[in-house]
Each structure stands twice: as C-alpha cells, then as structure tokens.
Amino acid sequence: MDRDNLPAPVNGQAAPPAEVPPPGVPRRFDFADADFAEEEGTGSAGLKRMLGAVLYYRWLVIGLLLVGTAAGIAVSRFVEPEYTARTRLWVSVATRESDFEGPIQSAELLQGGAWLELLASDAVLDHVVREQRLYLEYRTRDRDVLSTLKTDSVYQPGSYVATVDGAGRMVELRREHDGQLVAQAPVGMPVGREIGIDWHPTAAALTPGRSIVFRLLHPRTAAARLSQSLDAQMASGGNFLFIAYSGGHPEQVSQVTNELADRYVDVAAELKRGKLSELRQILETQLVYAEENLRQAELALESFRIRTITLPSDATPVTPGVEATRASAYDNFFELKIQREALARDRDAIRRLLAENENGTLSIDALSAIGAVQSSPELTQALTELTEQRATLRALQQQYTDEHPLVRSALREADALQREVVPQLAGTVAASLDDQIAAVDALVGSASDELREIPPRAIDESRLTRAVTIAATLYNELRQRYESARLATETAIPDVRILDAASVPQYPSSNPSVQIILLAIVGSLGLGVGLAILLERFDPRIRYPEQVSDRLHLRILGGLPHLQSATRRNGRPDRSEAVEALRSVRLNLTHAYGAAGPMILTISSPGPGDGKSFVSGNLGLSFADLGRRTLLIDGDTRRGTLHRLLGVDRIPGLTDYLAGRAELDEVIKSTSTPGLDLIPCGTRFASAPELLSSPRMGLLLAHIRATYQVILVDSPPLGAGVDPLVLATATGNLMVVIRTGTTDRSMAEDKIAMLGQLPIRVLGAVVNGLRAGSGHRYQQYYSYLPGYAADDEAGERVKLLEPA
C-alpha cells in the first residue's frame, strides 16, 4: 500500500499505517554501506570489530607501544652483541675404492656422527676451558686486572669479591654471598692460593678502594656451557666438519675456536696412535700363540704318519708334495667285488643258455658274447665249428631234401656239436668260474677286514691334517694382519686435519639488542591490542560504527559532532560542521524513506541522554530550511523538552489534544523558523501511554498528513516504556539516535531486536556526540574540508538548536 494514498478516517478511527511486513516476520535491513552489511559472527565482521576497538583505544595502544619500546631500548643497553668464529676440519672417511687402492693403512678412527660426539667429550672441552680460562666470569671493566688469574688442578668454585683498602696496600678476597674472608695479601703479591687460584694482579691495576667481582665455575659446568655455545655440523659427504662458536668478545671467540680445533685434532691423533699401538701388541701376542699351535699340529701329524706308513691306506700322500705311492685299499676291495660280480654274471649266463639248449635252442651269439666264453679257446673253437656246420647245413638244405645223405650227415654233426661238445665245454667253463668266484670271495673277505681298520686311522689322520690346516690358516692371517698393523703404525695418517683456522670476526653475527627491541615492540603492541579488545568486549557502551551496523543491524544515516569538541573559529565553537552533518542526515533519511507521500517518522533512542530531542529539533529545522513544511510532535509525554529548544509553551499540547481538552489548532504552535511548527508534549498525565494509543492519535496523523510534508515525532527512549513502540507503530517508520560513549549496547540490542516483531520500518540510526578524532570510520559522517563552510556574508550565524 502506498503511504501517499492513505484512506481518510472511517468512523473516527485513524487511517491504517503504511504497508509493512506483518508482525512476527523477522526483518532484514538493506544497508547502503556495503562495508556494514556483514552478518555478525563472520570473519570480516569480527575483524572490523577488533579494528574498531583498536582505533577507538588507539591512544592506549600507542602509549603501551611507546612504554614497551622504551623499556626494550633500556634493557638492550645491558646486552652485548654476539660474535661467531668458524673453522673447517677435514675428516678421513673410508670409501669402497680406498679398500682396494693405495698403501696399507689403518681404518678410520670413528664413523659418521661419532666425530660430533668426540667434539662434545670432556677430553676436548675440559682442556679448552682451562687453556682459555672459560671457567672465569667477570665484568668487562675488570678484564685487565683478571688477565693473570689462573687456577690449580683443584680449586673452589664460587663468586668472589676482591677489595683494595683505602690506602691501596692490602687486597682482601671474600665470598660474595656471605662476605667470608678467604684470602688476604699485600698489593703486588699473589692472591688466592687458599682457594686454589694463582692470581698476580699488578699494583698499578689495584687502585685504592677498587672492587673486583668474579666467579669461578666448575670445569664441567664451563664445559657444558661451551658445548651449548658450539654449533658443529658434518657435511653431507662426510669429509668436512664445520665448527662455529659464539660469544661476546671477538678475540676470545676466535681464540677459543682455534684452541678447540687444535685440541680436537690432538685428541683424535692420540686416540688413533693408542688404538694402533694396542692393536699391534695384541696381534703380536696372538701371532706367537698361533705359531706355536701350528708347530704342535705339524709334529702330531708327522708322528702319526710315521706309525702308519706300512699299513693299508686310501692312497693318502705319504708326505706333503708327494702323490700317492701305492694303490688304495679301497680300490683293491671294490675291484675284487666287481671281478666277483662279473664272474658270477658270466657263470649264470652260461648255465641259463645251457638250460635253453636242452630244449633244442642254443643261441651261439649270446654264448659267444659272454666274457668267460671268450676267454676259453676250446669253447670258442667249438662254437665256431657249430656256426660253420649250421651254415653248411643250410646250404645243403637249399639244394637237397632232408632225406639226402649229405643233409642227414651234416645234421648229425651239427646236433652232436650242439648237444654234446658245446654243453660239455660250457659246463667246464662254468665249473672253472665257480672256482674263481670262491677264490675271489676269499680275497674279498680278507680285504674287508683290512678296510675295517682303515677308517679309524683315516679319521685320526684327517683330524690331524685339519688341525694343521686351521693352525696354518690362522697363523697366515695373523701374520698378514700383524704386518699390516706394523706398517700402518709406522706410517699412520691423521684422520682429521684443520683446513681453515678461525679468524677474528669483524661484525656481530647477532645483536640481541635489536631482537629485544623488536620483541618489546611486538609484545607491547600485542598487549595494547589485546587490552583494547578486552576493554571493547567488557565495555557496555557503544563506541564505534561497527557496533551500530554489525551488532544492532542498523544503517548509519549520519553522525553529529559533539558541540563542545567542535572546531572553534573566532574563539567560539564552529556550528558549521553540525549543520553540514544534519544536511547529510536529512539527505540519507530522505533517500531511505522514499519519495512517496509525506515523511512521517518517529525518532527515538535506546536510553535517556542519547540526544534524540536535539536530533529531532535540529532535523526539523533542517527540513524547514530546505523549504519543506515541517511539523515536530513531542511524543515524549513524560519528559518532553522540544518546547524549550523552540521557545514555545508546553501547554496545551499533544496530551491535551488526545484527552479532548484542546483542539488541533490550539496545540499546533508556530516557531521562529518559517515552515516549522511544533506540537509540544502538553500536560503530564499518568494515562499518557493510553492516550498515545487512542483513536485520536490516528485521527491527528490523518489530519496533518495533508498539511505537512515532513512530520517528525519525538518519542520517549525505547527503554522507557511502551510509548515509543506505540508511536512508531502509528507512524510506521522509526529512526534511532545512538550516542557514542553513552548508549548501553546490551539494552540497545534487546530493544531494537524487539522492533522486528512489530509493523515498524527501521530506517537507520544517527550517531550523536562524535568527538574530534574519535575514529576514522566516524569522520565520514561529519568531517568536511576546512574553508568550505557555507558562511553568510551578512554575518548571520547558522541556525542550530542547542540544549540549554
């Protein structure tokens, strides 16, 4: 529904308000400033809130930053810069190729990270501590007088104070913590032998009344500190060791580094020499033992072979270097076994063939193939004749029949050979084979007895031979290792050498003073920011614009400066900034309201003292100056003050009209500003809230809509009761006045959140009471270029309503 076309009152009831979202529907405000359109809880909104807090409490942050920086600078003066000296050492590392090339030499002393462990050993560090007097701590100004102080092998650690008497004759040495006197000597004489130190201060350095403070550390404590100040690293290839040492005095740093490198090389060389000497001695002792062991083994083997030289053997060499001189008993035995098996095989074959011959089938070829048959001339001859007779028979049978005399004669001769001669001769051969088998069996039995005696002798001989072999192998290996160790000892190559000695550093490697100052700056800045955020978190008041836009979800229509802190011209506060700020509010409010119909607007604030009446009066004045016919209605029936700002009577007023005690013409009062009228709050009534909800209030708004272009209703604070809600519902529009440093944030959030349940369009907020320099985010609402104020040549001052 368009607010321009509100219907006329019906039956005495007020016209309905402009169309707004129904009650109960949450309302989203469209902010013109995209920077303020962030939802609360997002990262951007949280960042803006923190930034706003820092900007608001910027002087607190700057003050803490300055104090912290000054403290850091003061502390840094007591800290000396740190210098670093570096040296590089070459370390021998074995490679695969070095095992096969080059001269005989010992293996490297240590492997990998063990070189770093050697550097941190007491054998290295304790020597450096004593040589460089790192057990002594003193003030820089006492360095000259303590340059001659040295310690015995045993001394008493602790803090001491040496004091010269007023006459400059005696020196007293006392413990610092309890003042106990530990030594006393005339000036120029040694001091401190009672506690194990050898100190010869010069008489010129011991001026009367001088006090010298120093501290003696235990060697292991000083060595531990030295180890913590070292930075040692092995190169990736393992051939270079880098050592860096840091301290406060460049000359001492370089001296300690070089002393450390020299001692490191010396300790490594001593360890290697000791290792090689001990290894050589051990190998020499083992070699003597191995030589004696080998001699005993050889004598035992020699004695055994002498005793068993005439006994059967398995062809073992009689003496080393000589091959077997006789046949092996094993060979004789197995040859007899093979011979016996061959004889038995031939015998069995002959008898099998003779059995087949009884059936009339005799295989001459099979019988001729037997070795024993071949060794019998008679049987061989008979077989040959049998073969020839069979050939003759076959030839005759091809020419004649079986009845022919020649065939029959040949058949008889062949049959006689096959059945009588050959079997008889074969039987004779088989019988001779039986005799030979019996003779061989006897030989086999004798050889078996001899073989049973050979294994024990062979085992003993093998054992003795093995003992000789083991002893010889051990002896040869030890002999080789001993010779290698002897050569390596004579030509030992150091495993570590110094490549680059440390030089005196010219520039500090680190300056703790800079770090302390930076740490103080960062710490104080962080403290200031954190404190600002905490103050903002626990501050119940609204301080900066993000709290209005992000927390209250209100678009900022403008800001009004604090009049007492405004820029002064000619000795008086300059009101031009406030007037320009009101013009900006007027423009933004007109744009937010829209162009349709007259502007009907309720102006309220979360609490008292926010300046809503001041804003209402001056905004009405601004609209009147624009040429708009404007009506101000003082709806604060409890504590209204617009009549004082505009210089009119309070009675009769709004409550009088709503109670029926006055007519509309009587309550509308003209002001000194053309185009600006006022309806004052009127008589104070206890029933004023009910009067604001009466039909006459709606009738009043319906009547004045046709007469005025701008109608501004100044209501009580939102926290004062139901009055502002009733007036805002009647007008349908609301503008909230927020005062920085005064408006309670929690109450404002609660009251403005309640407006979302009513048919009220919240146009935005005006931030009041901005002081100069209150934050760059506020300056955009009221700060203007100097020299561009709209001055009046006639000398008239700009119009601005100010509270009395």
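The structure we're discussing is the one just above.
Below or above, wherever it landed, is the structure these notes cover. (Residues numbered from 1 in each chain as written. Predicted model: local features only at pLDDT ≥ 70, side-chain atom pairs only at ≥ 80, totals over all residues. Heavy atoms only, no water.)

## Focus: helix α22 (residues 745–755)
Then, in step 1: Among all positions of α22, only R745, A748, I752 and L755 are buried. Seen end-on, α22 carries its buried residues on one side only, within an arc spanning 75°. Away from its buried face, by an angle of more than 90 degrees, α22 presents the exposed residues D750 and A753.
Then, in step 2: Looking at the packing, one finds that the buried side of α22 touches α12 (512–538), α13 (545–551), α21 (723–731), β20 (733–739) and β21 (761–770). (Buried < 20%, exposed > 50% of the residue type's maximum accessible area, 1.4 Å probe, protein only. Helix = DSSP H or I, 4+ residues; strand = E, 2+ residues; numbered from the N terminus. Arc of directions from axis to C-beta. Contact = heavy atoms within 4.5 Å.)

## Some remarks on the side chain of K612
Then, in step 1: By the secondary structure assignment, K612 is in helix α15 (residues 612–625).
Then, in step 2: A distance of 3.4 Å separates a polar atom in the side chain of K612 from a polar atom in the side chain of D636.
Then, in step 3: Beyond its immediate chain neighbours, meaning those up to four positions away, K612 contacts I603, S604, S605, D636, D714, S715, P716, P717 and V737. (Polar contact = N/O pair within 3.5 Å; in protein donor to acceptor, adjacent residues only side chain to side chain.)

## Quick look at the packing of aromatic side chains
Geometry of an aromatic ring pair is reported as the spacing of the ring centres plus the angle between the planes.
Then, in step 1: As enumerated under the stated definition, the model contains 3 aromatic pairs in all.
Then, in step 2: Centre to centre, the rings of W199 and F214 are 5.8 Å apart; their planes meet at 70°, and the pair counts as edge-to-face. Placement of W199 in the loop between β7 (197–198) and β8 (211–216) and of F214 in strand β8 is noted, with a sequence separation of 15 residues between them.
Then, in step 3: A network of ring pairs unites the aromatic residues Y160, W199 and F214 as a single cluster.
Then, in step 4: Above the face of the Y657 ring, R696 is positioned so that its terminal group lies 4.2 Å from the ring centre. (Phe/Tyr/Trp six-rings, centres within 6.5 Å; stacked < 30°, edge-to-face > 60°. Lys NZ or Arg CZ within 6 Å of the ring centre and 35° of its normal.)

## What to know about the sheet that holds strand β17 (residues 669–670)
Then, in step 1: As summarised here, the arrangement of the 8 strands in space is β12-β21-β20-β15-β19-β16-β18-β17, forming an open sheet in which the pairing is mixed. Looking along the sheet, the strands with just one partner apiece sit at the ends: β12 (556–561) and β17.
Then, in step 2: One ladder, built from 3 bridges, connects strand β15 (residues 599–604) with β20; its direction is parallel. By the bridge assignment for β20, T602 is matched with L734.
Then, in step 3: This element, helix α14 (residues 576–593), spans β12, β15, β20 and β21 of the sheet and lies at about 165° to β12. (Pairing = 2+ DSSP bridges. Axes fitted to C-alpha atoms, helices over the stretch in contact; angles between N-to-C directions.)

## Let's talk about the pairing of strand β4 (residues 158–164)
Then, in step 1: Inspection of the sheet shows β4 paired to β8 by 6 bridges, in the antiparallel sense. Note on β8: the bridge partner recorded for T163 is S211.
Then, in step 2: Judged from the 5 bridges that link them, β4 and strand β5 (residues 170–175) form a sheet pairing that is antiparallel. Looking at the pairing, A162 lines up with L173 of β5.
Then, in step 3: Counting the residues between successive antiparallel strands, the hairpin from β4 to β5 contains 5 residues, one of them, G168, with a positive phi of roughly 75°.

## Structural notes on the side chain of R210
Then, in step 1: With respect to the helices and strands, the residue R210 is situated in the loop between β7 and β8.
Then, in step 2: Polar side-chain contacts of R210 include one of 3.3 Å to the side chain of D142.
Then, in step 3: Excluding anything up to four places from it in sequence, R210 contacts R141, D142, D144, V145, A162, T163, V164 and A205.

## Considerations on the sheet that holds strand β9 (residues 230–234)
In a beta sheet, neighbouring strands pair by backbone hydrogen bonds and run either parallel or antiparallel.
Then, in step 1: On the basis of which strands lie adjacent, the open sheet formed by 4 strands has the order β9-β10-β1-β11 and antiparallel pairing. Two strands bound the open sheet, and with one partner strand each, they are β9 and β11 (496–500). For this sheet the average axis-to-axis angle between neighbouring strands, irrespective of direction, equals 25°.
Then, in step 2: Packing of helix α5 (residues 219–229) onto the sheet brings it into contact with β9 and β10 (240–247), and relative to β9 it is tilted by some 55°.

## Points about the environment of N293
Then, in step 1: Relative to the helices and strands, N293 is located in helix α6 (residues 250–307).
Then, in step 2: C-alpha of N293 to C-alpha of L474: the two residues are 181 residues apart in sequence and 9.6 Å apart in space.

## Examining the packing of helix α4 (residues 122–131) against α5
Then, in step 1: At a closest axis distance of 9 Å, the pairing of α4 and α5 adopts a crossing angle of 105°. On the basis of the axis angle, α4 is roughly perpendicular to α5. Facing α4, whose interface residues are D122, L125, D126, V128, V129 and R130, α5 presents P219, R220, A222, A223, L226 and S227.
Then, in step 2: Residue classes in the contact of α4 with α5 are distributed as 7 nonpolar, 1 polar and 4 charged. (Parallel < 35°, antiparallel > 145°, perpendicular 65-115°, else oblique. Nonpolar A, V, L, I, M, F, W, Y, C, P; charged D, E, K, R; others polar.)

## Re a nonpolar patch on the surface
Then, in step 1: On the surface, L60, L531, L534, L535 and F538 cluster together into a nonpolar patch covering about 450 Å² of accessible area.
Then, in step 2: If you tally residues by element for the nonpolar patch, the top one is α12, at 4 residues.
Then, in step 3: Along the chain, F538 turns up in helix α12. (Patch = residues over 30% accessible without salt bridge, like charges linked within 9 Å, V, L, I, M, F, W, Y side chains within 5 Å. Areas by Shrake-Rupley, 256 points an atom, 1.4 Å probe, with all protein chains shown as cover. Salt bridge = Lys/Arg side-chain N within 4 Å of Asp/Glu carboxyl O.)

## A short note on unusual backbone geometry
Then, in step 1: Cis geometry marks the peptide bond from I651 to P652; its omega dihedral reads -5°.
Then, in step 2: When you line up the elements, P652 lands in the loop between α16 (642–646) and α17 (654–658).
Then, in step 3: One non-glycine residue, R133, lies in the positive phi region at around 55°.
Then, in step 4: Looking at the element boundaries, R133 is found in the loop between α4 and β2 (136–138).

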